[in-house]
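Remarks on the overall topology
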Amino acid sequence: QVRLVESGGGLVQAGDSLNLSCAASGRTFGSSVVGWFRQPPGKEREFVSAINYNGGRIYYADSVKGRFNISRDNAKNLVYLQMNSLKPEDTAVYSCAVARYGTTSYETRDEYSVWGQGTQVTVSS
């Protein structure tokens, strides 16, 4: 079973950048789709971005398109989420997750079977 640990969150000001990392241990996730989700205070968890096994397919929520970039380094078992031009509405707990094999619904939470514990991102205005 793969285990995921996120890091890189913090408190920043609007317009700043953060680079989140998702590290896998236990087994490689090099053949899996990995997604980032976030849960703002008092709201449901929502899709942010996903990347397929080799980075050839990438998906973003409309709210982050043009500001966030997802990438992966399978040799290091890492997936990154570079977040630029951060806004107060980006404040949330960010979690990475591994999708079930064969899924094509990258934006659907239920398609992801393994989740990290999350990292807090707070953007002040």
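Just so it is clear, the model here is predicted, and its values are computed rather than measured.

The rules behind these values
Residues numbered from 1 in each chain as written. Predicted model: local features only at pLDDT ≥ 70, side-chain atom pairs only at ≥ 80, totals over all residues. Heavy atoms only, no water. Salt bridge = Lys/Arg side-chain N within 4 Å of Asp/Glu carboxyl O. Helix = DSSP H or I, 4+ residues; strand = E, 2+ residues; numbered from the N terminus. Buried < 20%, exposed > 50% of the residue type's maximum accessible area, 1.4 Å probe, protein only. Core = buried A, V, L, I, M, F, W, Y, C linked by side-chain atoms within 4.5 Å. Contact = heavy atoms within 4.5 Å. Pairing = 2+ DSSP bridges. Axes fitted to C-alpha atoms, helices over the stretch in contact; angles between N-to-C directions. Phe/Tyr/Trp six-rings, centres within 6.5 Å; stacked < 30°, edge-to-face > 60°.

1. Observations concerning the pattern of salt bridges
Under the defined criterion, the tally for this structure stands at five salt bridges. Between Glu44 and Arg109 there is a salt bridge, with its nearest N and O atoms 3.2 Å apart. Separated by 65 residues along the polypeptide, Glu44 in the loop between strand S4 (34-39) and strand S5 (46-51) and Arg109 in the loop between strand S9 (92-99) and strand S10 (112-115) bring together distant segments of the chain. With a relative accessible area of 56%, Glu44 lands in the exposed category. A salt bridge links Lys65 to Asp62, with the shortest nitrogen-to-oxygen separation between them at 3.1 Å. On the accessibility criterion, Asp62 (66% relative accessible area) is exposed. Residues joined by salt bridges that share partners form a network here, namely Arg38, Glu46, Arg67 and Asp90.

2. Points about the nonpolar core
Judged by nonpolar contacts, the single largest core of 36 residues is most densely connected at Leu4, Trp36, Leu81, Met83, Tyr94 and Tyr112. Top element by residues in this core is S9. It accounts for six residues. Those residues in contact with Tyr94, other than ones at most four positions away along the chain, are Glu6, Leu20, Trp36, Phe37, Arg38, Val48, Phe68, Leu81, Met83, Gly118, Thr119 and Val121.

3. Observations regarding the sheet that holds strand S3 (residues 18-25)
In spatial order, the strands read S1-S3-S8-S7; together these four strands make up an open sheet with antiparallel pairing. Looking at which strands have only one partner, the edges of the open sheet turn out to be strand S1 (3-7) and strand S7 (68-73). Adjacent strand axes in the sheet meet at a mean angle of 15° when their direction is disregarded. Relative to strand S8 (residues 78-83), S3 runs antiparallel, the two being bridged by six bridges.

4. Here's the deal with the packing of aromatic side chains
According to the stated counting rule, one finds five aromatic pairs in the structure shown. Relative to Phe47, the ring of Phe37 lies with its centre 5.7 Å away and its plane at 75°, an arrangement referred to as edge-to-face. Separated by ten residues along the polypeptide, Phe37 in strand S4 and Phe47 in strand S5 bring together distant segments of the chain. Phe47 matches Phe37 in its accessibility class, with the two residues each being buried.

In short, shape yes, function no, at least from these values alone.
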